[in-house]
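Residues per chain, in single letters:
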Amino acid sequence: MSVTDPGLALAVVGWSGSGKTTLLEFLVGRLAARGLRVNVLKHSHHDIVLEPPHKDSARLRMAGAAEVMIASPYRYAIMRELRGEQEPSLREQLARLAPADLTLIEGYKWEPLPKLEVFRPALGRPSLYQDDPLVAAVASDAPAPAGLRPGLRWLDLNTPADVLAWLSDWMMANPKVSRNQSVNDG
């Protein structure tokens, strides 16, 4: 793996409240325990507040800094104020991440990259897999409907170990789907 081919990417998509984050937490924990380096990129439609406005780095951002990095012996974070600029593309966001064995992307359901859909019919929202041929598998709390398209896997969301097994198989079968190859130039 190199900086120009930073690894495999899979979007985990579904409507709010479907359980994407809970499933991702399980998957990331198990994959990391196996020694894999896993990155996660989470899209949000809301403002991101990482610290109270009275803290130093927030004050410096409000004063006009374009980017502020907070660094400690435990972690670091870079906050960039867009100040009316267009939101960076998925490709630009992925380029900021360090290389990993797998990057799981929560959200970005409109992007043309492989997807795992988390689908709960009880939410009353339509499934995504029917209109998106890039959905490779669906993790659901409902039984598989009749007439699934060939190759689409239906997984039991209530048995996350089955989803992990599918993901492991998917990773082995798709070693060439890199983060750079699977998103728009945007």
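As a reminder, the structure under discussion sits directly above these lines.
Next up on the list: the overall build of the protein. Check the secondary structure of the protein and you find 4 helices and 8 strands. Moving toward the C terminus, one meets the helices and strands of the protein in the order β-α-β-α-β-β-α-β-β-β-β-α. Looking at the protein as a whole, 38% of its 186 residues are labelled buried. Looking at the protein alone, contacts between residues at least 24 apart form 58% of all its contacts between residues at least 6 apart. Here the protein displays about 11100 Å² of accessible surface, and carbon together with sulfur accounts for 54% of that area.

One finds Leu23, Leu102, Leu116, Trp166, Leu167 and Trp170 to be the most contacted residues of the largest nonpolar core, which totals 24 residues. When residues of this core are traced back to their parent elements, those giving at least two are strand 1 (8–13), helix 1 (20–33), strand 5 (102–106), strand 6 (115–119), strand 7 (135–140) and helix 4 (160–173). It is helix 4 that contributes the most residues to this core, 6 residues altogether. If we ignore the near neighbours within four places in the chain, the residues touching Leu116 are Leu10, Ala11, Val12, Val13, Leu23, Ala137, Val138, Ala139, Leu155, Val163 and Trp166. Core analysis: the next-biggest nonpolar cluster, separate from the first, contains 11 residues, Val13, Leu94, Tyr108 and Leu113 among them.

So, about the sheet that holds strand 5. Strand pairing in a sheet relies on backbone hydrogen bonds, with the paired strands running either antiparallel or parallel. One open sheet accounts for 6 strands, arranged 2-5-1-6-7-8; its pairing is parallel. The open sheet terminates on both sides in strands that have one partner only, identified here as strand 2 (38–42) and strand 8 (153–156). Taken pair by pair, the neighbouring strands of this sheet meet at an average axis angle of 20°, ignoring direction. Sheet analysis places strand 6 next to strand 7, joined by 5 bridges and oriented parallel. Across the sheet, residue Phe119 finds its bridge partner in strand 7, namely Ser140. Taken strand by strand, helix 1 contacts strand 1, strand 2, strand 5, strand 6 and strand 7, and its axis lies near 170° from that of strand 5.

Definitions and limits used
- Residues numbered from 1 in each chain as written.
- Predicted model: local features only at pLDDT ≥ 70, side-chain atom pairs only at ≥ 80, totals over all residues.
- Heavy atoms only, no water.
- Helix = DSSP H or I, 4+ residues; strand = E, 2+ residues; numbered from the N terminus.
- Buried < 20%, exposed > 50% of the residue type's maximum accessible area, 1.4 Å probe, protein only.
- Contact = heavy atoms within 4.5 Å.
- Areas by Shrake-Rupley, 256 points an atom, 1.4 Å probe, with all protein chains shown as cover.
- Core = buried A, V, L, I, M, F, W, Y, C linked by side-chain atoms within 4.5 Å.
- Pairing = 2+ DSSP bridges.
- Axes fitted to C-alpha atoms, helices over the stretch in contact; angles between N-to-C directions.

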